[in-house]
Amino acid sequence: MAAVLSPKYTPTLKTSGVKESTYMKKIKVVNSATGKVYKADTKAALQLAVTADVKYELGSARYAQNSTEAWKAHAVASYTRMCDVCSSGSTFSISMREDVDLKNATDKRIYDAVGSVLGIKLMTGSGYSQPCNVFYSASAAGTTSSCHKVFTQNLPYAQSVFSPETDALVEKYGGVWTDTYSATLDSIVKDVSDYLEETIYVEQKSGNYPLYATEWDGAYVSRTNLYYMDGGDKVYVRGRHVRAALGLRSASFAVTAASGDKLTLTVRGHGHGLGLSQLGAVIYANEYGWSYSQILAHYFSVTANSAHQLCKPNW
């Protein structure tokens, strides 16, 4: 296990020909809970805007017990996502009760961590001219998922990789990794039917619980034995649809017990499981001493020859 938890690659920052001002003039981060608008028309303003998202996503002091590298990794992911989202004129939305307060010790530590990597981003395309459409979620389920298994696109920087969460480590940082959900098969079928607005059928298989995965992506259910008819074709319900219909924490679920007509599902992780695992990054940084660039290279599959690379700022 120790070898698995050693970083495989430490990337060298590349150069993008696109200036940061191209993105900064378009970035607008809105805190819907307070109405605060963070613009990015100066370096200081950009640093504050990125700090707002890092605080929103990963703002607890316990996440930097031994290292601020997880905050730095998230800052790069946050800025990359802002560049991608805001380039089309969209607003970048967060929702937290308290805005960034630099008199607060934790907020100031996040701000300083963000400042140390400000302008670094994950880029792709010719000359690294296009910000990547990056993802992040609260915690992965032993592995992350692959984008084409969750959505339709196949992105080389959103592929399934190992993630180090365990119940004990996630609990150490204040989270919950394993959860359970109990319901009857009939109620599950009804909830999925209502969600998809389709008549749902159950394909049974001897020796299996009545709900099971027919296709996995690492730890995540890609496809289930539930299906509906489209003309004469069976369309199998995807794990993400079951997750949404039942309100599960993730699509990493399996029936682990049955009592009478009631099924118990064990669910691991929290979120869609794509890209950067926030608690995975915290664990790699604090427990194993990984740097921000090693964390990002791991979760976004950056290699010496990948078409996407971490790029230094171009002020």
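This text gives an overview of the structure that appears in the document. (Residues numbered from 1 in each chain as written. Predicted model: local features only at pLDDT ≥ 70, side-chain atom pairs only at ≥ 80, totals over all residues. Heavy atoms only, no water.)

### A short note on the overall build of the protein
Inference 1: Along its length, the protein carries 10 helices and 15 strands.
Inference 2: Here the protein has a C-alpha radius of gyration of 21 Å; the compact-globule value for 315 residues is 20 Å, and the two agree.
Inference 3: Its C-alpha atoms give the protein principal-axis dimensions of roughly 60 × 45 × 45 Å.
Inference 4: Buried residues in the protein amount to 50% of all 315 residues.
Inference 5: In the protein, the share of contacts with a sequence separation of at least 24, taken over all contacts with a separation of at least 6, comes to 69%. (Helix = DSSP H or I, 4+ residues; strand = E, 2+ residues; numbered from the N terminus. Rg over C-alpha atoms; globule rule 2.2 N^0.38 Å. Buried < 20%, exposed > 50% of the residue type's maximum accessible area, 1.4 Å probe, protein only. Contact = heavy atoms within 4.5 Å.)

### A short note on the packing of helix 3 (residues 69-87) against helix 9 (residues 278-288)
Two packed helices can be described by the angle between their axes and the distance between those axes.
Inference 1: Relative to each other, helix 3 and helix 9 sit at 140 degrees, their axes nearing to 8 Å. Classified by the interaxial angle, the pair formed by helix 3 and helix 9 is oblique. Crossing hand, helix 3 versus helix 9: right-handed. Here E69, A70 and H74 of helix 3 come into contact with helix 9, specifically with Q278, A281, V282 and A285.
Inference 2: Residue composition of the contact of helix 3 with helix 9, grouped by class: 4 nonpolar, 2 polar and 1 charged. (Axes fitted to C-alpha atoms, helices over the stretch in contact; angles between N-to-C directions. Parallel < 35°, antiparallel > 145°, perpendicular 65-115°, else oblique. Left-handed = near helix turned anticlockwise from the far one by under 90°. Nonpolar A, V, L, I, M, F, W, Y, C, P; charged D, E, K, R; others polar.)

### Looking at the pairing of strand 9 (residues 213-217)
Inference 1: The pairing of strand 9 with strand 10 (residues 220-230) spans 4 bridges and is antiparallel. Residue pairing for strand 10: W216 is matched across the bridge by V221.
Inference 2: Counting the residues between successive antiparallel strands, the hairpin from strand 9 to strand 10 contains 2 residues, one of them, G218, with a positive phi of roughly 65 degrees. (Pairing = 2+ DSSP bridges.)

### Re helix 8 (residues 239-246)
Inference 1: When we look at burial in helix 8, the residues that qualify are G239, H241, V242, A245 and L246. Projected down its long axis, helix 8 shows its buried positions confined to an angular sector of 160 degrees, all on one face.
Inference 2: If you follow the buried residues of helix 8, they end up packed against strand 7 (178-184), helix 7 (185-196), strand 10, strand 11 (233-238), strand 12 (253-259) and strand 13 (262-268).
Inference 3: Downstream of helix 8 by a residue or two, G247 has a phi angle that is positive, lying close to 75 degrees. (Arc of directions from axis to C-beta.)

### Things to note about the environment of A285
Inference 1: Within the secondary structure layout, A285 lies in helix 9.
Inference 2: A sequence separation of 249 residues divides A285 from K36, and the C-alpha atoms of the two residues are 31 Å apart.
Inference 3: If sequence neighbours within four positions are ignored, A285 has contacts with S67, E69, A70, W290 and I295.

### Some words on the sheet that holds strand 2 (residues 37-39)
Hydrogen bonds between backbone groups are what pair the strands of a sheet, and the pairing can be parallel or antiparallel.
Inference 1: Here 3 strands make up an open sheet; going across it, the order is 2-1-3 and the pairing mixed. Since the sheet does not close on itself, it has two edges, and those belong to strand 2 and strand 3 (92-94), each with one partner. The sheet shows a mean angle of 20 degrees between the axes of neighbouring strands, taken without regard to direction.
Inference 2: As defined by bridge partners, strand 1 (residues 28-31) adjoins strand 3 across 3 bridges and the pair is classed as parallel. Among the inter-strand pairings, N31 is bridged to a residue of strand 3, identified as I94.

### Some words on the sheet that holds strand 7
Inference 1: Taken in spatial order, the 3 strands line up as 7-13-12 in an open sheet, and their pairing is antiparallel. Strands at the two margins of the open sheet, each flanked by one partner only, are strand 7 and strand 12. Put simply, the sheet's adjacent strands are angled 25 degrees from each other on average, direction ignored.
Inference 2: Taken together, the 6 bridges between strand 12 and strand 13 define a ladder with antiparallel strand orientation. Within strand 13, the residue paired with A257 across the bridge is T264.
Inference 3: The sheet contacts of helix 7 involve strand 7 and strand 13, and relative to strand 7 the element is tilted by about 100 degrees.

### Quick word on the environment of S6
Inference 1: By secondary structure assignment, the location of S6 is in the segment before helix 1 (20-24).
Inference 2: When its relative accessible area of 36% is taken as the criterion, S6 is described as partly exposed.
Inference 3: A C-alpha to C-alpha distance of 30 Å links S6 and C83, two positions 77 residues apart in sequence.

### Brief notes about unusual backbone geometry
Inference 1: Despite not being glycine, Y128 has its phi angle at roughly 50 degrees, a positive value.
Inference 2: The topology assignment puts Y128 in the loop between strand 4 (121-124) and strand 5 (130-131).

### Side note on a negative patch on the surface
Inference 1: Together, E197, E198, D230 and D233 line one region of the surface with negative charge.
Inference 2: Mapped onto the elements, D233 comes out in strand 11.
Inference 3: For D233, a relative accessible area of 52% gives the class exposed. (Patch = residues over 30% accessible without salt bridge, like charges linked within 9 Å, V, L, I, M, F, W, Y side chains within 5 Å. Areas by Shrake-Rupley, 256 points an atom, 1.4 Å probe, with all protein chains shown as cover. Salt bridge = Lys/Arg side-chain N within 4 Å of Asp/Glu carboxyl O. Lys, Arg positive; Asp, Glu negative; His and termini not counted. Charge placed at Lys NZ, Arg CZ, Asp CG, Glu CD.)

### Examining the packing of helix 3 against helix 4 (residues 105-116)
Inference 1: One can describe the packing of helix 3 onto helix 4 by two numbers: an axis separation of 8 Å at closest approach and a directional angle of 60 degrees. Relative to helix 4, helix 3 is oriented oblique. Helix 4 is crossed by helix 3, and the crossing has right-handed handedness. Taking contact as the criterion, the partners of W71, K72 and A75 in helix 3 are, on helix 4, T106, R109, I110, A113, V114 and S116.
Inference 2: Of the residues assigned to the contact of helix 3 with helix 4, the class counts are 5 nonpolar, 2 polar and 2 charged.

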